[in-house]
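# Coordinate inspection notes
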Amino acid sequence: MGRHFLHQLLLAVLALSFAPVRSDDWLPATATFYGGADGSDTMGGACGYGNLYDQGYGINNAALSTALFNDGASCGQCYVIICDSSKSGWCRPGPGHWVAVSATNFCPPNWSYPDGGWCGPPKPHFDMSQPAWENIGIYTAGIIPVLYQRVKCWRDGGVRFTIGGFNYFELVLVTNVAGSGSIQSMAVKGTSTDWIPMSRNWGANWQCLAGLAGQGLSFALTSTGGQTIVFQDVVPAWWQFGQTFTTYKNFDY
């Protein structure tokens, strides 16, 4: 059985196994790895998730190039990635090697190179945790050509809200988002206020300028897939800055 046939068979099987967010074909990109053999140095990152285990993302994570990161709007999105064995001899041998990763960080351009390096625009590139990358590539390769497709995210439990900021500035980190994995828009309502639109501050952090201390809070979120969920009275009036509140609702798309 030829390598090209096995490659095409894997694509077909993965297409049946995962629910693509869009009906795109598999798209070409490149992939490297970082963060050490245990992936510990991938914790934190430009999405603001901090400890990726605590926030529901785990070790299968990736930093996205400028073309994919979209100024943080792609934080939390999920991708299935395979090594393109039709272009490289550095893929893990044998059929069936793939990995699903969550976007948790930004891979910035390296402007010491004229084109910004692998993460320079407009190149699609995944800088993956080493444990995730070694599902599809041989360590000594360093970089491999890949094919990827954005897919539905599966998370344990509901969406979580971490309240940061101070006084009249609320900075809310939204984590553990299923479905499309990322948030398109968000609003907050205090016990004594109308709905207040929030704006993306950075990564998965959303902000508003309002005096909401001492009020119970509700959030209305619309995913990038277009699904809207209202999390009614999810934060009690006794909340403090730095606390995280877990819900029982999550997105389907």
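Quick caveat: nothing in here was measured; it's all calculated off a predicted structure. For every chain, the first residue of its written sequence is number 1, and the numbers climb from 1 along that sequence. Owing to the predicted nature of the model, reporting of local features is limited to residues with pLDDT of at least 70; listing and counting of side-chain atom pairs is limited to 80 or more, with chain, interface and lining totals taken over all residues. Each side-chain value is derived from all of the structure's non-hydrogen atoms; neither hydrogens nor water enter the calculation.

### Brief notes about the overall build of the protein chain
What counts here: The helix count covers DSSP runs of H or I at least four residues long, the strand count covers runs of E at least two residues long, and both are numbered beginning at the N terminus. Relative accessible area decides the class of each residue, using a 1.4 Å probe on protein chains only: under 20% of the type maximum gives buried, over 50% gives exposed, and in between gives partly exposed. Any pair of residues with heavy atoms lying within 4.5 Å of one another is described as a contacting pair. In these tables, accessible area is a Shrake-Rupley quantity obtained with a 1.4 Å probe, and a residue counts as shielded only by the protein chains included in the view. Under the convention used here, Asp and Glu are negative, Lys and Arg are positive, and both His and the chain ends fall outside the count. Charge coordinates come from a single atom per side chain, which is NZ of Lys, CZ of Arg, CG of Asp or CD of Glu.
Looking only at helices and strands, the protein chain features 3 helices and 14 strands. Seen through its C-alpha atoms, the protein chain measures out along the principal axes to roughly 65 × 40 × 30 Å. Here the protein chain, with 253 residues, has 52% of them falling under the buried criterion. Sequence separation of 24 or more characterises 71% of the internal contacts of the protein chain that already satisfy a separation of 6 or more. Surface accessibility of the protein chain: about 11600 Å² in total, with carbon and sulfur atoms responsible for 56%. Positive and negative side-chain charges in the protein chain, numbering 12 and 15 respectively, have mean positions lying 6 Å apart.

### A closer look at the pattern of salt bridges
Opposite charge on two side chains permits them to pair, given that their charged atoms come into close proximity. Here is the rule we go by: For this analysis, a salt bridge means a side-chain nitrogen from Lys or Arg found within 4 Å of a carboxyl oxygen belonging to Asp or Glu.
Tallied over the entire structure, the rule returns 1 salt bridge. One salt bridge in this structure joins lysine 123 and aspartate 115, with 3.2 Å as the shortest N-O distance. Using a relative accessible area of 24% as the deciding quantity, one classes lysine 123 as partly exposed. Relative accessible area serves as the criterion here: at 40%, aspartate 115 is assigned to the partly exposed category.

### Some words on the side chain of threonine 162
Selection criterion: Identification of polar contacts relies on pairs of N or O atoms within 3.5 Å, with a donor-acceptor requirement for protein atoms, meaning one able to donate a hydrogen and the other able to accept it, and with residues adjacent in sequence counted only if both atoms are side-chain atoms.
With respect to the element layout, threonine 162 can be found in strand β7 (residues 160–166). Among the residues examined, threonine 162 registers a relative accessible area of 15% and is labelled buried. Reaching out from threonine 162, the side chain makes a polar contact with the side chain of threonine 244 at a distance of 2.7 Å. When residues no more than four places from it in sequence are discounted, the contact partners of threonine 162 are Leu171, Val172, Leu173, Gly242, Gln243 and Thr244.

### Details of the sheet that holds strand β4 (residues 99–106)
Strand pairing within a sheet occurs via backbone hydrogen bonds; the two strands may be parallel or antiparallel. Short version of the rule: By the convention used here, strands pair only if DSSP detects at least 2 bridges between them. Lines fitted to the C-alpha atoms define the axes, with helices restricted to the stretch that makes contact. Angles between their N-to-C directions range from 0 to 180 degrees.
Pairing within the closed barrel is mixed, and its 6 strands lie in the order β1-β5-β2-β4-β3-β6. Between one strand axis and the next, the sheet turns by 45 degrees as a mean value, whatever way the strands run. Where strand β3 (residues 78–83) and strand β6 (residues 144–151) come together, 6 bridges link them in antiparallel fashion. Opposite cysteine 78, over in β6, you have valine 151 as the bridge partner.

### Considerations on the side chain of threonine 175
Position of threonine 175 relative to the elements: it lies in strand β8 (residues 169–175). At a separation of 3.2 Å, a polar atom in the side chain of threonine 175 contacts the side chain of glutamine 55. Not counting residues up to four positions away in its chain, the partners in contact with threonine 175 are Tyr49, Gln55, Tyr57, Val159 and Arg160.

### Comments concerning unusual backbone geometry
Put simply, proline 121 and proline 122 share a cis peptide bond, and its omega is 5 degrees. Relative to the assigned elements, proline 122 resides in the loop between β4 and β5 (125–129). In this structure, aspartate 233 takes a positive phi of about 50 degrees despite not being glycine. In this structure, aspartate 233 sits in strand β13 (residues 228–235).

### Examining the nonpolar core
Inclusion rule: In this text, buried Ala, Val, Leu, Ile, Met, Phe, Trp, Tyr and Cys residues form a nonpolar core when linked through side-chain atoms within 4.5 Å.
If you look at the biggest cluster of nonpolar residues, it comprises 29 residues, and the most contacted ones within it are Ile81, Phe126 and Met128. Residue contacts for phenylalanine 126: discarding those within four places in its chain leaves Ala29, Thr30, Ala31, Thr32, Ala62, Ala63, Leu64, Leu68, Tyr79, Ile81 and Tyr148. Of all hydrophobic cores here, the second largest spans 24 residues; its members include Val177, Trp206, Leu217 and Val235.

### Re the UniProt feature "domain: Expansin-like EG45" (unreviewed entry) in the protein chain
Using the following cut-off: UniProt positions are given in the numbering used here, feature names are shortened, and annotations may be inferred rather than shown by experiment.
The sites that carry the UniProt feature "domain: Expansin-like EG45" (unreviewed entry) are, in the present numbering, residues 44–158. Between the C-alpha atoms that bound residues 44–158 the distance is 21 Å, and the span itself is 7% helix and 27% strand.

### Examining the packing of aromatic side chains
Heads up, the rule is: Only Phe, Tyr and Trp rings are paired, with Trp represented by its six-membered ring, and only when their centres lie within 6.5 Å; those with planes under 30 degrees apart are stacked, over 60 edge-to-face, the remainder tilted.
Considering all chains together, one arrives at 13 aromatic pairs under this definition. Counting every residue linked through ring pairs, the aromatic cluster contains Phe161, Phe219, Phe231 and Phe251.

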